[in-house]
Amino acid sequence: MTVAQSNARALAGGGSSAAGVTHVRHRHRERFTVVGNHLAQHPGLSACAIGIGVYIQSLPDGAVVSIRTLTARFREGERRIGQALNELEAAGYLERTRHRVDGARIVTRTRWFEHPAYREPGTPKPPPTAVARAGTRGPECRSGSSADSAAGRGPEAAPSALPEDLRPAADLLVRLRQREPRIVLSEQDVHRLAPLARKWLDRGTGPGVTARILVGDLPPGTIRWPGRFVEYRLRTWMPPVLPPPPEETRPLPLQNCDACDRAFRAALPGTCPGCSAK
């Protein structure tokens, strides 16, 4: 009697048949990148943000990591790439600052921190609110899907120095970057544009409609001056003031004819049109 034998490789963990991943190990000796589990297994970042973060960490110093460059490299569109970069920036891995060079030209300088908790001496750590926002799960890493609503995306608070009556308008302006990553307004822009945005709200245009108008049908490429772009649309596309509702016309009161006692409508008592014609 023969004994059945198998050439299949033994399961890891002592032959356990439980479902789960089995790692086939390989020691890399060239062209590899060391990535901490704090990024690879980050509980708050989306899969798209983690993937782009690992890719950025694998690049040499001086590599361009703009939205346009990353969009050309990956299948995801500009919106998904921009949202992923915003997640990484909020979590403290990415830092983007704009600088003026040659007296007029604005350039963006990007710094990547392999661990947000261990930055260079003298560099402040990310604020707790930003790290908390990074804990909100971002959009799924899919291309071609429609943009999700800005509600529930860890909204950023409007600047606290503004008067209370301008805070809804300022909150609207701050949330624009959640709809369109290229529209990133500075705090100074928000303070300056809040009175204009409030006029839109006072004229009956809701926050959602206003935001869609301000960031809809944008030209391709980089928006070099987001504050000026939004200001132009706020001033040029401002809706007109709604006219007052028409006054409700009430019918004339009923009167009883003094001659035939029939009811008719008139401003004052008297005789009906039929009796008056006799």
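Structure report, in brief. All values reported here derive from a predicted model rather than from experimental measurement.

### Considerations on helix 7 (residues 167-174)
Here is step 1 of the chain: Listed in full, the buried residues belonging to helix 7 are Ala169, Ala170, Leu172, Leu173 and Val174.
Here is step 2 of the chain: Lining the buried residues of helix 7 we find helix 8 (176-179), helix 9 (187-202), helix 10 (207-215) and helix 11 (226-236).

### A short note on the packing of helix 10 against helix 11
Here is step 1 of the chain: For the pair helix 10 and helix 11, the least separation of the axes is 9 Å and the interaxial angle reads 120 degrees. Of the possible angle classes, the one that applies to helix 10 and helix 11 is oblique. In the packing of helix 10 onto helix 11, the handedness of the crossing is right-handed. Only Phe229, Val230, Arg233 and Leu234 of helix 11 make contact with helix 10, whose side of the interface consists of Ile213, Leu214 and Val215.
Here is step 2 of the chain: Residue classes in the contact of helix 10 with helix 11 are distributed as six nonpolar, no polar and one charged.

### Comments concerning the environment of Leu94
Here is step 1 of the chain: Position of Leu94 relative to the elements: it lies in strand 1 (residues 94-101).
Here is step 2 of the chain: Separated by 20 residues in sequence, Leu94 and Glu114 have C-alpha atoms that sit 9.0 Å apart.
Here is step 3 of the chain: Other than its neighbours up to four places away in sequence, Leu94 contacts Leu85, Leu88, Glu89, Thr110, Arg111 and Trp112.

### Observations regarding the packing of helix 9 against helix 11
Here is step 1 of the chain: Following both chains from N to C, one finds helix 9 and helix 11 inclined at 20 degrees, their axes separated by 10 Å at the closest point. In terms of axis orientation, helix 9 runs roughly parallel to helix 11. Judged by the sense of rotation from one axis to the other, the crossing of helix 9 with helix 11 is left-handed. Contacts between helix 9 and helix 11 pair Asp189, Arg192, Leu193, Leu196, Ala197 and Trp200 from the former with Gly227, Val230, Glu231, Arg233, Leu234 and Arg235 from the latter.
Here is step 2 of the chain: Of the residues that constitute the contact of helix 9 with helix 11, the class distribution is six nonpolar, one polar and five charged.

### So, the pattern of salt bridges
Here is step 1 of the chain: In this structure the tally under the stated criterion is eleven salt bridges.
Here is step 2 of the chain: As a salt-bridge pair, Glu180 and Arg79 come within 3.8 Å of each other at their nearest N and O atoms. In this pair, Glu180 is assigned in the loop between helix 8 and helix 9 and Arg79 in helix 5 (residues 78-90), connecting sequence segments 101 residues apart.
Here is step 3 of the chain: Asp189 is the salt-bridge partner of Arg192, the closest N and O atoms lying 3.0 Å from each other. Residue Arg192 and its partner Asp189 are located together in helix 9, separated by three residues, close to a single helical turn.
Here is step 4 of the chain: For Asp189, a relative accessible area of 13% puts it in the buried group.

### With respect to the environment of Cys272
Here is step 1 of the chain: Tracing the sequence through the fold places Cys272 in the loop between strand 4 (263-265) and helix 12 (273-277).
Here is step 2 of the chain: Excluding anything up to four places from it in sequence, Cys272 contacts Cys257, Cys260 and Phe264.

### With respect to the packing of aromatic side chains
Here is step 1 of the chain: Considering all chains together, one arrives at two aromatic pairs under this definition.
Here is step 2 of the chain: On the numbers, 5.0 Å between centres and 85 degrees between planes, the contact of Tyr55 with Phe74 is edge-to-face. Within this pair, whereas Tyr55 is found in helix 3 (residues 47-58), its partner Phe74 is found in the loop between helix 4 (67-73) and helix 5, the two being separated by 19 residues in sequence.
Here is step 3 of the chain: For Tyr55, a relative accessible area of 23% translates into the label partly exposed.
Here is step 4 of the chain: Phe74 gets classed as partly exposed once you look at its relative accessible area, which sits at 22%.
Here is step 5 of the chain: Residues Tyr93 and Trp112 carry aromatic rings whose centres are separated by 5.7 Å and whose planes lie at 25 degrees to one another, so their mutual orientation is stacked. Residue Tyr93 is located in the loop between helix 5 and strand 1, and its partner Trp112 is located in strand 2 (residues 105-112); the two are separated by 19 residues in the primary sequence.

### As for the state of the cysteines
Here is step 1 of the chain: Within the structure shown, the criterion is met by zero disulfides.
Here is step 2 of the chain: Looking at the unpaired Cys275, the closest cysteine sulfur is the one in Cys272, lying at 3.5 Å.

Calculation criteria
- Along each chain, numbering runs from 1 in the same order as the chain's sequence is written.
- Local features in this predicted model are restricted to residues of pLDDT 70 or higher, and side-chain atom pairs are both shown and tallied only at a pLDDT of 80 or more, whereas totals for entire chains, interfaces and linings draw on every residue.
- Water and hydrogen atoms play no part in the side-chain values, which are based on all heavy atoms of the structure.
- Think of it in three bands: residues with accessible area under 20% of the maximum for their type are buried, residues over 50% are exposed, and the middle band is partly exposed, with areas taken using a 1.4 Å probe on protein chains only.
- For helices the rule is a DSSP run of H or I covering at least 4 residues; for strands it is a run of E covering at least 2, with both sets numbered from the N terminus onward.
- Here a residue-residue contact requires only that any non-hydrogen atoms of the pair lie within 4.5 Å.
- For helices, the axis comes from a line fit to the C-alpha atoms of the stretch in contact; other axes are also lines fit to C-alpha atoms, and the angle between any two N-to-C directions lies between 0 and 180 degrees.
- Each angle gets one of four labels, with under 35 degrees taken as roughly parallel, over 145 as roughly antiparallel, 65 to 115 as roughly perpendicular, and the rest as oblique.
- A crossing counts as left-handed when the near helix is turned anticlockwise from the far one by less than a right angle, and as right-handed when that turn is clockwise.
- Note on residue categories: nonpolar means Ala, Val, Leu, Ile, Met, Phe, Trp, Tyr, Cys or Pro, charged means Asp, Glu, Lys or Arg, and polar means any other residue, Gly included.
- Only one rule defines a salt bridge in this text: a Lys or Arg side-chain nitrogen within 4 Å of an Asp or Glu carboxyl oxygen.
- Stacked, tilted and edge-to-face pairs are distinguished by plane angle, under 30 degrees for stacked and over 60 for edge-to-face with tilted covering the rest, among Phe, Tyr and Trp rings (Trp via its six-membered ring) whose centres lie within 6.5 Å.
- Whenever a pair of cysteine sulfur atoms sits within 2.5 Å, that pair is classed as a disulfide.

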